[in-house]
Structure formats: structure tokens, C-alpha cells
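Structure at a glance
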Amino acid sequence: MEKHHKEALRKNRVALVQDMDLTYVFDGLVKRNIFEPAAYEDFKAEGKTRRKINQLFLNALERRGPRAFGAFVESLREHKHGILANKLDPASAPRYPAQMEPRPGREVNNPMDSLLVPQVDAKPEPMDIYPTQLLNSPPEDLQEPLWPGSGPAAVPITGMTAPTPTGQDDSDVENIYQMNSEPRGIAIIINNQIFVDLELREGSDIDRNELRNLFEMLGFRTVVKDNQTKQEMQATFYEFSKHDHGTLDCFVLAILSHGKEGTIYGVDGDTIQTEHIMGYFEGGRCPTLAGKPKLFFLQACRGRRYDYGFDAPDANAVAPSSASGSTAPTSHCERSQRMLEHELDRTDIGSAIRSKLPCQSDMLLAYSTVPDFVSWRTPGQGSWFVQSLCEVFRKYYQKEDLVSMLVKVNKKVARAYESSCGRRCKQMPAPVVMLCKKLFFPPVRAERGQERVQFS
């Protein structure tokens, strides 16, 4: 970077650190090949506040070469930071008509920004940025739409509406998400089973297959990713956050892996924070999913604690577990007892979610267990949570909404399962609901059929 460009950054550093929203500006720098997508997660991992993240970013920006400054100014202007762009590079500031001159001393974004940025009607430009160490070019599968008719000309199914509960009048339709598209949307399943340094997750392939069959039955086009590293997962999230979901009504991401509170493991042992995963699909970063339901199913441990339960007043309230036979279930962490004495690094994911509610509206996170506790899986039968989820959804999806079905999943896991060894451990799923409407899954046309999309 040129010396005078560095001086401009340092001169305006205070304003940039205080006022810049890097969440959206960074996408413009990725598009211009200044940063790789994974770099943003690295900044967030090191910085706990927005100001600290901005400081780390500005330090790195000065080392990104001669094109970095101009790309940064353009990205600021694209994402409604016109005032900051003008401070950095006054010569590039647009000329205002007399009636559009901003008042002196008033910090407002450039009112002409929206006129300077090319407007996109339907389909954003295809993603062409991948981590260089992973992909040299987009996979051949993604050169064309994921399925026939996925472009702007695709026609949604007619005559399909969400089931109407008895006694509900027509005005309540506004409180139900539209689910009429064919397919409903994309359902990604990331199945991390074989790790470099962590234990093999036996039975995870059973969960993967059950989820794939379930999502296809509900009308989704499934995409399966097996045994992904942290960077491969980030590349997957980036790919589908930039995909055009304009003709689709919903999005699903299911992750089966090892984990701890607030984080998910890649097969290389590196972790990615749960809030970062959600961040890829926020309304601002994935505009074609704005206002549409985004569902995340996370089958992973959230700590190392065991839930030993308590004696219920009615002994019949707890049924024998189908997993309590000769094969003992194992936790996702599958740590030895001595590992329970080690200190657990925790992320206050609850605070992170609360602080981002406006961006993360229309989302639902279905955790397999509560914070700090293990999540159980039987090697020959799959995990308690996923198997219960699939069973309940198949039975009730034509007459119950999503949240009501998840309550039934909670009840089934809590009452019908317990470990067959030691102190008969229990498990409690923990859905986090940020949906703004009810979500139903109307039956799909039987003759349509589903094609599976396999990436590996």
C-alpha cells in the first residue's frame, strides 16, 4: 500500500474504528480479491468487540498490497459508509447537486451512494472467491444452477398453502411463512465423522442418511458434505450465502460434529463459532434469504458436563431407552472421565444472539443439548436428538408447526432416552427460536421426486 494511503487510514483511524460496520464492508473486499472469506472469522476470533475487530482489520488492510486502499474505499461507499469513504479519499467523492449538499457537521451517509452502485434485479453475480488453498476454481457442479428451473423463470407450485388450524380466520395467514416453492429450499448436511485427532463419531452416517431422507420428504433439495475441515466448512457457508435463493422459501443447515459451547469442530480439529455460522446467512449478508425462515440443526456437544437427571414423581414418566441395550451410547466428545476435570473455554452465545436479533430474525437454532452438556449418540442407532427429530417430524409435519414439533422432540429425548451405563445420564435439547411467524411444511407433490446433490 502506498505511503499516503497508509497515512489516510491512520489519520481517520478513530472514525473508522468507531463508525465502520465491517460485517458488510468485508464482503466487498472479498469480492475484489483483497481478503479471503475465512479472514473475517479470524478477526472475530481475536477481537471480542466491534472496535477491536475493526482495529485488527485495519492493521491487516495496510499489508494487503497496492489495490487494497481503493478497494476499501469502494466497499465503504457500496455499503452506505459514504462519509467515511469521502474522508479517506476526498478526490473520489461524488459531486452533489446543489439541492443534495449535506449540511455542514452533520454525519450522514452519502445520499447518492445508492445511485452509484449497480442495482441487481434478481440474481447476484456468481461466487468466484474461494480460499486458494482449497479450491482453485468453482466446482463444476456449481457452474450451473443446482437444479433445473432454479433461475428467475422458475415457477412456484400453485394451490399449495400451509395447513390452517381449526378456527383460524384468513387474517392469520400473514402470521404463517410462505412455503409454496418447488423445491422448498436448499438443505445442507455437514457430517463430520472421521477426525484427525478426535474420536471417530460412530453412527453419524446413520443420522446423515435419516436427515437427508427427512429433508427430501419435506421438499428440500439436499446437499451432503462429509468430513469437512474448518476452512472447508467456511467455504461451504460462503458458497450458499452467495447463492440466489430468490425463488426459494426456506433454508436449512444441519451440522453433525464434535463441539463445545459456542463452537463446532472441523475434522482438522479447528473450531468455528456458532454465531459466525449464522452470520453468513443474516439478512444483510444473504439478501435473497431476508424475511425467510433459516433453520439450523446442531448435533454436537456443548460442553463436558453430564446430566444425571432426578427421580420423577411418577416412575412411569421415564420409559426405558431404546439405546439402553448391550451397546452403550457415547457422548459426542467421547472424552475419558479425567477430561471432565479440565477447564472448559466457553463462549457466551446467548449474549451474542441477543445483540444481533434484528439481523438474525427469522432464524431457528435447534441445539441437541443445553449449554455446557454432552450430547449422546448410540453407534449402531444414531444420536438421540436426530433420531427423535426425524421420527417426530415424519409423524406430525402435516398437522403441526415447526416449533410445536420441536417441543415434542424435547419431550421424547427427555423422557424416552437414558444412558445404559453409570448413572443413567439424560439429555435435554434446546431450541432457540427467532422466527417471526409460524412455519408449516405442506405436503409436496408425490410425482415430483427428488434428486440428491452430493458434494465431497
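Residues numbered from 1 in each chain as written. Predicted model: local features only at pLDDT ≥ 70, side-chain atom pairs only at ≥ 80, totals over all residues. Heavy atoms only, no water.

Under an unreviewed UniProt entry, the name given to the chain is LOW QUALITY PROTEIN: caspase-3-like, and the organism recorded is Acanthaster planci.

Attention now moves to unusual backbone geometry. Of note, the amide linkage connecting Glu182 to Pro183 takes the cis form, showing an omega dihedral of -5°. If you trace the backbone, Pro183 turns up in the loop between α8 (113–116) and β1 (185–191). Look at Asn33: it is not a glycine, yet its phi comes out positive at around 65°. Classification of Asn33 as exposed rests on a relative accessible area of 54%. Phi angles above zero are rare outside glycine, and Asp372 is one such case at about 80°. Taking the relative accessible area as the measure of exposure, Asp372 reaches 15% and is therefore buried. (Helix = DSSP H or I, 4+ residues; strand = E, 2+ residues; numbered from the N terminus. Buried < 20%, exposed > 50% of the residue type's maximum accessible area, 1.4 Å probe, protein only.)

Following the criterion strictly, the structure yields 17 aromatic pairs and no others. Plain terms: the ring middles of Phe215 and Phe220 are 6.4 Å apart, the flat faces sit at 70° to each other, and that makes the pair edge-to-face. The pair formed by Phe215 and Phe220 is uniform in burial state, with each residue classed as buried. Centre to centre, the rings of Phe237 and Tyr280 are 5.7 Å apart; their planes meet at 50°, and the pair counts as tilted. Here Phe237 is found in helix α10 (residues 230–241), whereas its partner Tyr280 is found in the loop between α11 (274–279) and β7 (294–299), with 43 residues between them in sequence. No difference in accessibility class separates Phe237 from Tyr280, as the two residues are buried. In this structure, Arg64 is placed above the aromatic ring of Phe35, and the distance from its NZ or CZ to the ring centre is 4.8 Å. Here the guanidinium or amino end of Arg302 rests over the ring plane of Tyr367, the centre of that ring lying 3.6 Å away. (Phe/Tyr/Trp six-rings, centres within 6.5 Å; stacked < 30°, edge-to-face > 60°. Lys NZ or Arg CZ within 6 Å of the ring centre and 35° of its normal.)

At a minimum axis separation of 9 Å, helix α3 (residues 22–31) and helix α4 (residues 37–46) run at an interaxial angle of 150°. The orientation of α3 with respect to α4, classified from their angle, is roughly antiparallel. Note on packing geometry: the crossing formed by α3 with α4 is right-handed. Note on element contacts: α4 touches α3 through Pro37, Ala39, Tyr40 and Phe43, opposite Leu22, Thr23, Phe26 and Val30. (Axes fitted to C-alpha atoms, helices over the stretch in contact; angles between N-to-C directions. Parallel < 35°, antiparallel > 145°, perpendicular 65-115°, else oblique. Left-handed = near helix turned anticlockwise from the far one by under 90°. Contact = heavy atoms within 4.5 Å.)

Time to look at the nonpolar core. With 60 residues, the main nonpolar core has Phe35, Phe57, Phe72, Phe237, Leu253 and Phe281 as its most contacted residues. Setting aside its immediate chain neighbours within four residues, Phe281 contacts Phe237, Phe240, Ser241, Phe251, Leu253, Cys286, Leu289, Lys294, Phe296 and Met363. Counting residues in each nonpolar core, the second largest holds 41 residues, with Phe215, Leu295, Trp384 and Val392 among its members. (Core = buried A, V, L, I, M, F, W, Y, C linked by side-chain atoms within 4.5 Å.)

We now examine helix α5 (residues 50–61). Since one α-helical turn is 3.6 residues long, residues separated by three or four positions face the same way. When the terminal C-alpha atoms of α5 are compared, their 16 Å separation across 12 residues agrees well with the 16 Å that a helix rising 1.5 Å per residue should span. Taken together, the buried positions of α5 are Ile53, Asn54, Leu56, Phe57, Leu58, Ala60 and Leu61. On its buried side, α5 packs onto α1 (3–11), α2 (13–19), α3, α4 and α6 (68–78). (Expected span 1.5 Å × (residues − 1).)

Further remarks concern the environment of Asn175. Inspection of the secondary structure assignment puts Asn175 in the loop between α8 and β1. Given a relative accessible area of 43%, Asn175 falls into the partly exposed group. The spacing of Asn175 and Lys438 is 263 residues in sequence and 6.2 Å in space, taken between C-alpha atoms. Once residues within four sequence positions are removed from consideration, Asn175 is found in contact with Lys437 and Lys438.

Here we come to the packing of α3 against α6. Angle between the axes and distance between the axes are the two parameters that describe a pair of packed helices. Where α3 contacts α6, the axes come no closer than 8 Å and their chain directions differ by 135°. Of the possible angle classes, the one that applies to α3 and α6 is oblique. Seen along the crossing, α3 lies across α6 with a hand that is right-handed. Across the interface between the two elements, Val25, Gly28, Leu29 and Lys31 of α3 pack against Ala71, Phe72, Ser75, Leu76 and Glu78 of α6. Here the residues of the contact of α3 with α6 sort into five nonpolar, two polar and two charged. (Nonpolar A, V, L, I, M, F, W, Y, C, P; charged D, E, K, R; others polar.)

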